[in-house]
Amino acid sequence: MTNVGIDKERMEAVTSSRPTKRFKDFMSKLWKHRKGKAGLIILFGLVIFALIGHFAAPYNPLANNAAAFQPPSHAHLLGTDYIGQDILSWFMVGTGTSLVVGFTIAILSALIGVTVGVIAGYFGGKIDDVLMRAVDVLLVIPGFPLLVILQTFLPPTLETTVLILSILGWPFLARVIRSQTLTLKERQYVLASKLSGLSGMQIIFRDIIPMLIPIITINAIFIAVGGVVAQAGLAFFGLGDLRSVNWGTELYYFFNQDGIAYKAWWWLLPPGIGIIILGLGANFLSNGIFETTKPQKGG
Amino acid sequence: MNSIIETNQVTKEFVTKRGFLKRTTSTTRALDQVNVTINENEIFGLIGESGSGKTTLGLAILRLIDLNQGKINFFGENIYDLKKRQLFNFREKTQMIFQDPYSSLNPVVTIYKSVSTPLKVFHKEMSEEQVVDKVIQTLETVGLTPADQFLNKFPSQMSGGQRQRVGIARAVISDPDFIVADEPVSMLDVSLRADILNILINLKLKLNKSMMFISHDITVTQYVSDRIAVMHLGQIVEMGESGEIIKNPLHPYTKTLIDSIPVPDPNKKWNTDEIGGQISEYTNEGKNECSYANKCPFVKDVCRERRPDFKEVEKNHFVACVLYD
Amino acid sequence: MMSFPLLEVKDISVEYGVDGKTIKAVNHVNLEINKGDVVAIVGESGSGKSTLAMTFLNLIEKPGRIRNGKVNYRGAKGVVDVLRMRPVDLMRYRWKEVSMIFQSAMNSLNPVMRIEGQLRDVMIEHGTDESLVDAKIDEKLKLAGLTTSIKKSYPHELSGGMKQRVNIALALACDPKLLIADEATTALDVVVQRQILTRLLKLKQDLSLSLVFITHDISLVANIAEIINVMYAGKIVERAFAKQLFENPLHPYTEALLQSIPTLEKGTAIKGIKGTPPDLSKEIKGCPFADRCPKMFDRCLAEPPELKNVGDNHYVSCHLY
Amino acid sequence: MITRRYVIRRIIYMAITFFVAITLVFLLPRLAPGNPVLIILLTKYGGIVKPQQLKILESELHISGTLWQQYISFWISLLHGNFGPSFYYYPQSVSSLIITHIPWTFFLLGTSTIISIVLGVAVGSYSGWKRGYSDSFLQSFSIGLTAVPYFWLALIFQLVFAVLVVIDGTHILPVAGAYGYFVTPGFNYQFVISLLKHSILPLATLVITSFPGFALLMRNTIVTVLDEDYVLQAKAKGLSLNTIRKSYVNKNAILPVATSVGLAFAGIVGGAFIVEEVFSYPGIGYLLYNAVTVYDYPLEEGIFLIIVIVTILANFAVDLLYAYLDPRVVLK
């Protein structure tokens, strides 16, 4: 053949798999999608807000040197709480904690869920049976009462709460991933990879997991939001680490320290609005990812 | 002529469970004591309707499913006895071309990566430059010229016909001895089929490949094949030289099949008097009877009493039917 | 004697808006179907043949839209344009006058309704007397070659061939004048395909139906159709009686198509058509087949050819004639 | 279609789920190192406890004998329906406490689930069928509502109806309890009215936060179903829009909603519990909240096991309903 002398540049162009370019393409598509863009902006905004809170909150959230139950004023933009702590600072720092909680739960749950789902779906047989029965059991036990029982006996720290929520957060994802894997493994290119001599693990990482990334991301986003809400709910129930500064404990103190009697709406609104904004951002972003990655209908 | 593949009493059963408030299991024989021999440097056509077991046989010959019974020899060695290392060597020597050009290429993997994979796995000694050269050369063999411009493309940037060529390139690049082509043109537009079929014929003529060509379309099959086997409900009912099968079909099923083919001749209008009866669905449940007995116009009592033998009626022309006893 | 077409398509164009692009799926097509005709429309995927058939029932839906043209139907009350009917009239026209067997037999039956129910609702809504419905359901199922016992089944309990026959029974439910079969047998095995198509031809004779077959399989239409339309890139490029078309194909596309299909006679080599069909979202200045045509010359790139009668009702759209 | 095999398998699987839940409840206190009784006493009560309570704790936790013997005696008492005495409400038994409180939870859960499904399906099918502006409005509205956390909404209702909107010293709507202080429980007009009034805010909280999920799902499946070939064929058949909608679209679109009810139910349970806490509604969620506050472990465990049983049965019922709705489903 005449093509023996291939220059280095072309070699690289041919052999690189170009994952960064695919990511860039995806991001630019997402940015063009109205909801996807809105989701990105909202979530990015929340992160910035939390970062500012971490480094430059107006007050130490746990310093109680102002008068209690002060409505919003110049000194305290969101007023003060039952022992005179600055609510804006509380909320800013709390946003950070809640976001970290959600993010960690999402990562841990997604790791477990994807591993279980892909293994069950790809290898099938007995492993699949056992794993899926476990998933069914976990799915049917109502989460909140189970959380209450677990948190009662485990040390009341934020870490245990995150751990429990991660351990309980994956079953639904595992089920979704398994059914997707079952479809994907019927694709002829999986058989082609097998015939090309690739091993099961190589096929999983080449032909299965890349296709699952959008659906994993979408589910992880919902797990993150669910985790934030669940942690807040637990804290609200008086469980977990009540000294931690986050959205849930803010609501807990509002409810248990006469926030209602003092009509302290400025205390109640921020955490709820925070959760709503997070939920909206997550919804928009996942909707954007879904619509920009779904396969085009063939003509 | 040397045989490359020899199947011996190959049987594969699928079990389905169903029933209302009481459990029944039914067994379907996808392959029922199949004996075929595929020779070196030959295209062996396998035809049958959907559900006849033809794809299952293709998968069995590549050891992609487990058998209930029987053995399959590849160059005289039973592939179901191969150990891990030998199986790897067997994989190197066999390949498959798929039906669906859209599902047979991973959409996020470039053409270069798809096609080069068998080479990189089976020929680890090759340098990257050699691999690129070989990929380019192979793409040009299947008519993707200039090959350069396809290397970095993703499947979504190519047409169905081009993708099917990529699939063929992937199958031949590691220089296998034997290829199973499973309905390789049935999803392509009519005007694109001819080129693909001609490429397959050239693989045999120029590269001395042996092939099993699976299809439901007799016209297409006889165009590429040297010999044809007709499959019905998991059994081979007739086998012979392809011209002979078309001109002189023996089995009643083969006759019906050939009669039903549309021919591009306006003088052969279909006769509206010969309306067939009701269609019913049958499966091979492994009963001791001819698999065609339920539909055959020439059915006799004996057809339901035993299975007809698969015998050579004329030279190299085999049929399984009591009419030729 | 003047013959009046049963259905007359005049200068129809259909577009699809996808991803900000406009795809011209059907481009200024004219077609006539006379009473008792068996007409075939042959074309490869993307040629616009199914879209064209959809206009007969005014069934084009978003993102598609009919750009211009008329579909004139000659009914009991004279000629009406199907595309401009009042919704009430359109409901009455559909299925009662023109019915259709869809390509996707597997998916075109309602999965949660028994076969019986799907025949019953269309009969009742088109005014069949309640007391006659049961007998008619049985009659139509028998016409389609099915045992009447399957009426109690759900679609998922039937095989592909049986579902397609249910679709035939459905298409006959209201005794239409014209039946469109859109790739009605593509997914089926050849034996079943032949059984179903001969049955349709028989029904055509017995019930004085007109038939339109839409298919990609040019061999198939030779055996069943009287008049054949060849479609390419949204246009009819050739129309002739079956005998003429196969014995004397005029358009280079038809010629190439016939050369690309294998026949049972051994030894005749076949060859494909090089290139791919044009991108219908782009403006095509000349003949849409020009860049794949072996006989292409300058004029082909400059101006689009018209569909002309070159004698004996043989129409072709090519600058060679 | 439901096979016997399915029913048997399902019963076994329900038993397994229950078994896992019970074992978890049994093992949890033992996971912590040391004597669980001492740990509870020291950490939760600072060691100050009546001798009587110490006894209850010991018998309740079944801490005599080997782990295996403890486990068996734990099972035996459970099988007798005996969750032991409550730690805090002594001498009332856990079972009697649950029995007096659970009807309220059933009422909240049942009513809110049904209203949410009906409302969700109605809004979703309107939205999916209509498309256009009202659809995008309803969609954004539903998405917005799904993001609202129920406990926060409950607090907003509290704030508004307990202190902000009080006319002449009376509340427009009651904000605590299940019925008024002065009415006598029974089938009398005053009681029923009081009951309904008290349920408005808790129900509203639950319905507002859970119906949008059903609405979005219904809307999306309607949109998918409208693309199906059988809907196109139904249009070609010249059927009236009403028939197409009823027999072809809704009948198919309702199926995914039916499957989601089981999962959603497990979620609504959590919502109901917190709502009971906020509105001092005397269901088992409120009871659980109190149990958590006073470290009444036997009570927590009893409530947990009861709610597990209820959810398992609800899921089973949903599966049967689904098999009834979709002829294609064979429950094997």
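First, a word on scope: everything that follows refers to the structure included in this document. All figures in this text were calculated on a predicted structure; none of them were measured in a lab. (Residues numbered from 1 in each chain as written. Chains lettered and ligands numbered in written order. Predicted model: local features only at pLDDT ≥ 70, side-chain atom pairs only at ≥ 80, totals over all residues. Heavy atoms only, no water.)

**Thoughts on the pattern of salt bridges**
- Evaluated as defined, the whole model comprises 43 salt bridges over all chains.
- Residues Asp32(B) and Arg307(B) are paired through a salt bridge, measuring 2.9 Å at the closest nitrogen-oxygen approach. With Asp32(B) in strand 2 (residues 24-34) and Arg307(B) in the loop between helix 10 (252-260) and strand 12 (311-314), this residue pair connects regions lying 275 residues apart in the sequence.
- For Asp32(B), a relative accessible area of 2% puts it in the buried group.
- Between Lys152(C) and Glu116(C) there is a salt bridge whose closest N-O contact spans 3.4 Å. Within this pair, whereas Lys152(C) is found in the loop between helix 4 (130-143) and helix 5 (160-172), its partner Glu116(C) is found in helix 3 (residues 115-125), the two being separated by 36 residues in sequence.
- Given the relative accessible area of 48%, Lys152(C) is considered partly exposed.
- Overall, Glu116(C) belongs to the buried group, its relative accessible area being 12%.
- Salt bridges sharing common partners tie together Glu13(B), Arg29(B), Asp32(B) and Arg307(B). (Salt bridge = Lys/Arg side-chain N within 4 Å of Asp/Glu carboxyl O. Helix = DSSP H or I, 4+ residues; strand = E, 2+ residues; numbered from the N terminus. Buried < 20%, exposed > 50% of the residue type's maximum accessible area, 1.4 Å probe, protein only.)

**Let's talk about the packing of helix 7 (residues 158-169) of chain A against helix 10 (residues 200-236) of chain A**
Residues and elements named next belong to chain A.
- Relative to each other, helix 7 and helix 10 sit at 130°, their axes nearing to 10 Å. When the axes of helix 7 and helix 10 are compared, the pair comes out oblique. Between helix 7 and helix 10 lies a crossing whose hand is right-handed. Residues Leu 158, Thr 161, Leu 165 and Gly 169 of helix 7 lie in contact with helix 10, whose contacting residues are Ile 223, Gly 227, Ala 230, Gln 231 and Leu 234.
- Looking at the contact of helix 7 with helix 10 residue by residue, the class counts come to five nonpolar, four polar and no charged. (Axes fitted to C-alpha atoms, helices over the stretch in contact; angles between N-to-C directions. Parallel < 35°, antiparallel > 145°, perpendicular 65-115°, else oblique. Left-handed = near helix turned anticlockwise from the far one by under 90°. Contact = heavy atoms within 4.5 Å. Nonpolar A, V, L, I, M, F, W, Y, C, P; charged D, E, K, R; others polar.)

**A word on the interface of chain D and chain A**
- Of the residues lining the interface, 48 residues belong to chain D; the matching set on chain A comes to 43 residues.
- In total, chain D and chain A occlude about 4100 Å² of area from one another, counting both sides; carbon and sulfur atoms represent 82% of this.
- Interface area lost by chain D to chain A is led by Phe151(D), Trp152(D) and Leu155(D), which between them contribute 15%.
- Where chain D meets chain A, there are three residue pairs in polar contact (both at pLDDT 80 or more). (Buried area = accessible area lost by both parts, 1.4 Å probe. Polar contact = N/O pair within 3.5 Å; in protein donor to acceptor, adjacent residues only side chain to side chain.)

**Regarding the sheet that holds strand 7 (residues 178-182) of chain C**
Residue and element names in this part refer to chain C.
- Here eight strands make up an open sheet; going across it, the order is 6-7-8-3-9-10-12-11 and the pairing mixed. With one partner strand each, in any of the chains shown, strand 6 (98-101) and strand 11 (308-309) form the two edges of the open sheet.
- Here helix 6 (residues 190-207) sits on the sheet and contacts strand 3 (38-42), strand 6, strand 7 and strand 8 (210-215); the angle it forms with strand 8, its principal contact strand, is near 155°. (Pairing = 2+ DSSP bridges.)

These figures come from the coordinates and say nothing about function on their own.
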